[in-house]
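Results of the structural survey
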Amino acid sequence: MTKPSFKERQRQQREHEIITCASALIQQLGIDHINLDTLAAEVGISKPTLYQHFSSKDELLTRVIGLGIEALQGYLQPQVGSPLQRLEKVFRTLLQLNFKKDGLLASMGADAIMTALHDPLNKSRKGQLMGQLVALVHEAQAQGDIPQGMQAESVVYSMFALLSGVRRQFNENPEANVDATVETVVTLFLHGIAVPSTAQV
């Protein structure tokens, strides 16, 4: 594989800085309060330079969500804990990203997130993440933390179904306590899938 040129590495580094900065601004201000002018000023580049990397706010949001998926994949590494602990970490993080006030996805809205997830690159990343989560369930089963009879795919999809249920809850009751909701739903998930001795209270 040919090593990227110095100029290409510079371009990639700048692009990564833009995406990282956009993620931070979304968490601080919300998606509706940032635009490409604000972002260019925050990164310290001109707007034309920013447009060399991203032609629109939607394209930028797609890449921000892609970076978020990569971050979730980081929680799947063995050094993070047992398979069940890693599964819990991913689920807890997904809930916080979606529903905490400063969560990366909290101000984006379900439609914008779904559009970004249908981007070919993010669709591929999402597929990889789902495959890794299924493999993690199999690991937890091999260690005796999740019953062997459970379908690994169903365990993973139930996690995302609970996520959708929480979204409905907050649509109907925006004042619901986020921390209490996250703890309740994580506990519900763990007690639903874990062998009793490993289910956390």
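Residues numbered from 1 in each chain as written. Predicted model: local features only at pLDDT ≥ 70, side-chain atom pairs only at ≥ 80, totals over all residues. Heavy atoms only, no water.

Remark: helix H1 (residues 6–29) packs on helix H4 (residues 57–74), axes separated minimally by 9 Å, with the N-to-C direction vectors making an angle of 90°. Taken together, the axis directions place H1 and H4 in an arrangement best described as roughly perpendicular. Contacts between H1 and H4 involve Glu15, His16, Ile18, Ile19, Thr20, Ala22, Ser23 and Ile26 on the former and, on the latter, Leu60, Leu61, Arg63, Val64 and Leu67. Classifying every residue of the contact of H1 with H4 gives 8 nonpolar, 3 polar and 2 charged. (Axes fitted to C-alpha atoms, helices over the stretch in contact; angles between N-to-C directions. Helix = DSSP H or I, 4+ residues; strand = E, 2+ residues; numbered from the N terminus. Parallel < 35°, antiparallel > 145°, perpendicular 65-115°, else oblique. Contact = heavy atoms within 4.5 Å. Nonpolar A, V, L, I, M, F, W, Y, C, P; charged D, E, K, R; others polar.)

Each aromatic ring pair is described using two quantities: the centre-to-centre distance and the angle formed by the ring planes. All chains considered together, the criterion is met by 2 aromatic pairs. Seen in terms of ring centroids, Phe91 and Phe189 are 5.0 Å apart; in terms of plane orientation they differ by 55°. Their pairing is tilted. With Phe91 in helix H5 (residues 83–99) and Phe189 in helix H9 (residues 178–193), this residue pair connects regions lying 98 residues apart in the sequence. Like Phe189, Phe91 is buried. Lying across the ring of Tyr75, Lys89 places its NZ or CZ 5.0 Å from the centre. (Phe/Tyr/Trp six-rings, centres within 6.5 Å; stacked < 30°, edge-to-face > 60°. Buried < 20%, exposed > 50% of the residue type's maximum accessible area, 1.4 Å probe, protein only. Lys NZ or Arg CZ within 6 Å of the ring centre and 35° of its normal.)

Another point: the confidence of the model for the protein. Of the residues in the protein, 97% reach a pLDDT of 70 or more, and the chain-wide mean stands at 88. Per-element confidence in the protein is highest for H9, whose mean pLDDT is 95, and lowest for helix H6 (residues 110–117), whose mean pLDDT is 81. (pLDDT = per-residue confidence, 0-100.)

Right, let's get into the side chain of Arg125. Positionally, Arg125 belongs in helix H7 (residues 120–142). A residue is classified by how much of its surface remains accessible, and Arg125, at 13% relative accessible area, is buried. A distance of 3.0 Å separates polar atoms of two side chains, one belonging to Arg125 and the other to Glu70. Residues contacting Arg125, with those up to four places away along its chain left out, are Gly66, Leu67, Ile69, Glu70 and Gln73. (Polar contact = N/O pair within 3.5 Å; in protein donor to acceptor, adjacent residues only side chain to side chain.)

Among the structural elements, Thr93 can be located in helix H5. Within the local environment of Thr93, its side chain forms a polar contact with the backbone oxygen of Lys89, the two atoms lying 2.7 Å apart. Sequence-distant contacts of Thr93, defined by excluding residues within four places in its chain, comprise Leu72 and Tyr75.

The next point concerns the packing of H4 against H7. Where H4 contacts H7, the two axes come as close as 10 Å, and the packing angle between them is 15°. As far as their axial angle goes, H7 and H4 are roughly parallel. Where H4 crosses over H7, the handedness of that crossing is left-handed. Across from Thr62, Ile65, Gly66, Leu67, Ile69, Glu70, Leu72 and Gln73 in H4, the residues of H7 making contact are Asn122, Arg125, Lys126, Gln128, Leu129 and Gln132. (Left-handed = near helix turned anticlockwise from the far one by under 90°.)

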